[in-house]
Every structure is written in structure tokens, then in C-alpha cells.
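An overview of the molecular structure
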Amino acid sequence: RHIPNRVRKEGLRAFLDDRGFSSTYDIVVLPCDAKTKRNRGYGFVNFVQHQDFLRAMRELGGLQVDAKQSKKITQVSVADEQLGSKRCVGLQ
């Protein structure tokens, strides 16, 4: 939760990669509003290994995805099963 709505999928990937999660996930979903073409403020990340999922749960909350655009602070939670995987973290 609290992903600035101007952030695009590439920006969310960069946010993850900059924090050491490069090559630990295989899917990033950032739902967008069809009318505004901006994200809805939340996304889903599927981590390949369970230990990376656990690390993401510990480390990704309480951060700013893009401090230049917004002062929103992320909240991280486990999503209901998404994308066919139980290791999906919802960045809501």
C-alpha cells in the first residue's frame, strides 16, 4: 500500500533491485486505472524463493518508493494467493 500513483512498473522493479532483491522475483504486477493510466497505489511481487519472500516482508515496509514524488510510506502484507503462487507479497 502507498505506492505513489505516478510510479510505473519499471520504477517498482528499480525500488526492489536497489534494495538487493534483483533476481529474487519473477513477476511484478502494478494494477493501473484505465482512465488515469496511473497505478492504484498497490502492487504484487512474486518471489521465487521462500527466504526472499520472508526478507521482503521484513525489509520493504516503512519505506518510500519515490521520495521525490511522494512522502507515502509503504505497507507490506501477504496477499491472498495471486498469480498461482503462495509466495506473493502485496505491497499495499
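Look a little higher up for the structure.
Our subject in this report is the structure included herewith. Since the structure is predicted, the reported quantities are computational estimates derived from the model, not experimental observations.

Thresholds, definitions, all that
Residues numbered from 1 in each chain as written. Predicted model: local features only at pLDDT ≥ 70, side-chain atom pairs only at ≥ 80, totals over all residues. Heavy atoms only, no water. Core = buried A, V, L, I, M, F, W, Y, C linked by side-chain atoms within 4.5 Å. Buried < 20%, exposed > 50% of the residue type's maximum accessible area, 1.4 Å probe, protein only. Helix = DSSP H or I, 4+ residues; strand = E, 2+ residues; numbered from the N terminus. Expected span 1.5 Å × (residues − 1). Arc of directions from axis to C-beta. Phe/Tyr/Trp six-rings, centres within 6.5 Å; stacked < 30°, edge-to-face > 60°. Polar contact = N/O pair within 3.5 Å; in protein donor to acceptor, adjacent residues only side chain to side chain. Contact = heavy atoms within 4.5 Å.

Turning to the nonpolar core, a few remarks are in order. Counting residues in hydrophobic clusters, the biggest one holds 16 residues, and the most contacted among them are L16, F47 and L60. Of all elements in the fold, only α1 (9-21), β1 (25-29), β2 (43-47) and α2 (50-59) reach the threshold of two or more residues within this core.

Here the focus is the environment of I3. Among the secondary structure elements, I3 is positioned in the segment before α1. Along the chain, I3 and S70 lie 67 residues apart, while their C-alpha atoms are 8.5 Å from each other.

Given 3.6 residues to a turn, an α-helix orients residues that are three or four positions apart in the same direction. Here α1 spans only 15 Å end to end across 13 residues, well under the 18 Å set by a 1.5 Å rise per residue. Along α1, the positions that sit buried rather than exposed are L12, F15, L16 and F21. Projected down its long axis, α1 carries its buried residues within an arc of 105°, all on one side. Away from the buried face of α1 by more than 90 degrees, exposed residues E10 and D18 are located. Phi for S23, located one or two positions after α1, is positive at around 70°.

Time to look at unusual backbone geometry. Phi at H2 takes a positive value of approximately 75°, unusual for a residue other than glycine. With respect to the element layout, H2 can be found in the segment before α1. For H2, a relative accessible area of 30% puts it in the partly exposed group. At S23, a residue that is not glycine, the phi angle is positive and equals roughly 70°. Within the secondary structure layout, S23 lies in the loop between α1 and β1.

Aromatic ring pairs are defined here through the distance separating the ring centres and the angle between the ring planes. Here the structure, examined in full by the defined rule, presents three aromatic pairs. Measuring from centroid to centroid gives 6.5 Å for Y25 and F47, while their planes differ by 80°, and the two rings are edge-to-face. A residue pair is termed long-range when its members are at least 10 positions apart, and Y25 in strand β1 and F47 in strand β2 qualify at 22 residues. Under the relative-accessibility criterion, Y25 is labelled buried at 14%. Taking relative accessible area as the criterion, F47 reaches 1% and is therefore assigned buried.

The next subject is the side chain of T24. One can find T24 in the loop between α1 and β1. On the basis of relative accessible area, T24 is assigned to the buried category, the value being 9%. Of note is the side chain of T24, whose polar atom sits 2.5 Å from the backbone oxygen of F21. If sequence neighbours within four positions are ignored, T24 has contacts with N46, F47, V48, Q49 and D52.

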